[in-house]
Amino acid sequence: SQELEQSPQSLIVQEGKNLTINCTSSKTLYGLYWYKQKYGEGLIFLMMLQKGGEEKSHEKITAKLDEKKQQSSLHITASQPSHAGIYLCGGSRGGADGLTFGKGTHLIIQP
Amino acid sequence: DVKVTQSSRYLVKRTGEKVFLECVQDMDHENMFWYRQDPGLGLRLIYFSYDVKMKEKGDIPEGYSVSREKKERFSLILESASTNQTSMYLCASRYSGFVAGANVLTFGAGSRLTVL
């Protein structure tokens, strides 16, 4: 089965600094989805990448998918307290049976 | 925006009780999913449904069953709750058509279940 490894598991960053979260798949991805979760709540969709080499940005968050479609990164520029939470990558299994998720990266922003 | 509503945010049940977790979505999505989320294990798929009356086992179906009698509602049932089913349960739905960006899962706020 497809597995997604996220790194780092946790990250403490000073406010205003940049950071990167990585997601690696054991198999080629049909689609890669980034979600954010506030503690104790549901997942909020951030971005979806489908093509090798694709890059998308929204506000201060940029996500990239490598050419082989097995690695993705999420980069946050000039971090803010509102960026704190758990970031999860999800990979499409290629069918109708939902997504497989990484275990998440806990992001803490220090003032 | 699609809204996925989980009826209970917090539940406390006793071992052996029958537990129903309800999920309703308001955008006519065909596909619905139940995940559980545990520290160190991430999200794991319990059951999913392609459409009304249809259900498929996910990665960890043991101890659970589901019901999808209406398109908008997907229920997760714990026939006899056990302490190892204490977890955060997340429901999600998705449009099944082949439209760019259509297969984004939309999640509910989650139901935190504690089994004593």
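Residues numbered from 1 in each chain as written. Chains lettered and ligands numbered in written order. Predicted model: local features only at pLDDT ≥ 70, side-chain atom pairs only at ≥ 80, totals over all residues. Heavy atoms only, no water.

## Brief notes about the overall build of chain A
Turning to step 1, where the next piece is worked out: Assigned secondary structure in chain A consists of 0 helices and 11 strands.
Turning to step 2, where the next piece is worked out: Beginning at the N terminus, the succession of helices and strands in chain A can be written as β-β-β-β-β-β-β-β-β-β-β.
Turning to step 3, where the next piece is worked out: What you see for chain A is a C-alpha radius of gyration of 13 Å, in line with the 13 Å of a compact globule of 111 residues.
Turning to step 4, where the next piece is worked out: Projected onto its principal axes, the C-alpha positions of chain A cover 40 × 30 × 20 Å. (Helix = DSSP H or I, 4+ residues; strand = E, 2+ residues; numbered from the N terminus. Rg over C-alpha atoms; globule rule 2.2 N^0.38 Å.)

## Details of the sheet that holds strand 8 (residues 71-76) of chain A
Residues and elements named next belong to chain A.
Turning to step 1, where the next piece is worked out: Strand order across the open sheet formed by 5 strands is 1-3-8-7-6, with antiparallel pairing between neighbours. The open sheet has two free edges, formed respectively by strand 1 (4-7) and strand 6 (55-58), since each of these has just one partner strand. The average undirected angle you get between the axes of adjacent strands in this sheet is 15 degrees.
Turning to step 2, where the next piece is worked out: As paired elements, strand 7 (residues 61-65) and strand 8 share 5 bridges and run antiparallel to each other. Each residue of the ladder has a partner; that of Ile-61, found in strand 8, is Ile-76. (Pairing = 2+ DSSP bridges. Axes fitted to C-alpha atoms, helices over the stretch in contact; angles between N-to-C directions.)

## Some thoughts on the sheet that holds strand 3 (residues 19-25) of chain B
All names here are of chain B.
Turning to step 1, where the next piece is worked out: In space, the 4 strands of this open sheet follow the order 1-3-8-7, with antiparallel pairing throughout. Of all strands in the sheet, those bounded by a partner on one side alone are strand 1 (4-6) and strand 7 (65-70). Recorded for the sheet is a direction-independent mean angle of 20 degrees between the axes of neighbouring strands.
Turning to step 2, where the next piece is worked out: Note: strand 7 against strand 8 (residues 73-78), 4 bridges, orientation antiparallel. Looking at the pairing, Ser-65 lines up with Ile-77 of strand 8.

## Considerations on the interface of chain B and chain A
Turning to step 1, where the next piece is worked out: Listed per partner, the contact involves 24 residues of chain B and 19 residues of chain A.
Turning to step 2, where the next piece is worked out: Here chain B and chain A share an interface that buries about 1600 Å² over both sides, 55% of which is from carbon and sulfur atoms.
Turning to step 3, where the next piece is worked out: The interface formed by chain B and chain A holds 0 salt bridges in total.
Turning to step 4, where the next piece is worked out: Linking chain B with chain A are 6 residue pairs in polar contact (both at pLDDT 80 or more).
Turning to step 5, where the next piece is worked out: Only strand 4 (31-38), strand 5 (42-49) and strand 9 (87-94) of chain B provide two or more residues apiece to the side of chain B that touches chain A.
Turning to step 6, where the next piece is worked out: Classifying every residue of the side of chain B that touches chain A gives 13 nonpolar, 7 polar and 4 charged. (Contact = heavy atoms within 4.5 Å. Buried area = accessible area lost by both parts, 1.4 Å probe. Salt bridge = Lys/Arg side-chain N within 4 Å of Asp/Glu carboxyl O. Polar contact = N/O pair within 3.5 Å; in protein donor to acceptor, adjacent residues only side chain to side chain. Nonpolar A, V, L, I, M, F, W, Y, C, P; charged D, E, K, R; others polar.)

## Thoughts on the state of the cysteines
Turning to step 1, where the next piece is worked out: Applying the stated criterion across every chain, the model contains 2 disulfides over all chains.
Turning to step 2, where the next piece is worked out: There is a disulfide in this structure between A:Cys23 and A:Cys89, and the S-S distance comes to 2.1 Å. Across the S-S bond of A:Cys23 and A:Cys89 the torsion is about 80 degrees, and the bridge reads as right-handed. One end of the pair, A:Cys23, is in strand 3 (residues 19-25); the other, A:Cys89, is in strand 9 (residues 85-92), and 66 residues separate them in sequence.
Turning to step 3, where the next piece is worked out: Bridging B:Cys23 to B:Cys91, the disulfide has an S-S length of 1.9 Å. Its S-S torsion of approximately -75 degrees makes the covalent link between B:Cys23 and B:Cys91 left-handed. Linking B:Cys23 in strand 3 with B:Cys91 in strand 9, this pair joins segments that are 68 residues apart in sequence.
Turning to step 4, where the next piece is worked out: Taking the relative accessible area as the measure of exposure, B:Cys23 reaches 0% and is therefore buried. (Disulfide = S-S within 2.5 Å. Buried < 20%, exposed > 50% of the residue type's maximum accessible area, 1.4 Å probe, protein only.)

## Considering the packing of aromatic side chains
Turning to step 1, where the next piece is worked out: Scanning the entire structure with this criterion turns up 9 aromatic pairs over all chains.
Turning to step 2, where the next piece is worked out: Arranged with centres 5.5 Å apart and planes meeting at 85 degrees, the rings of A:Tyr35 and B:Phe107 form a pair that is edge-to-face. Here the residue A:Tyr35 occupies a position in strand 4 (residues 32-37), and B:Phe107 occupies one in strand 10 (residues 106-107), the pair thus bridging two chains.
Turning to step 3, where the next piece is worked out: Note on A:Tyr35: relative accessible area 0%, which makes it buried.
Turning to step 4, where the next piece is worked out: With a relative accessible area of 8%, B:Phe107 lands in the buried category.
Turning to step 5, where the next piece is worked out: Linked through ring pairs, A:Tyr35, A:Phe45, A:Phe101, B:Tyr35 and B:Phe107 together constitute an aromatic cluster. (Phe/Tyr/Trp six-rings, centres within 6.5 Å; stacked < 30°, edge-to-face > 60°.)

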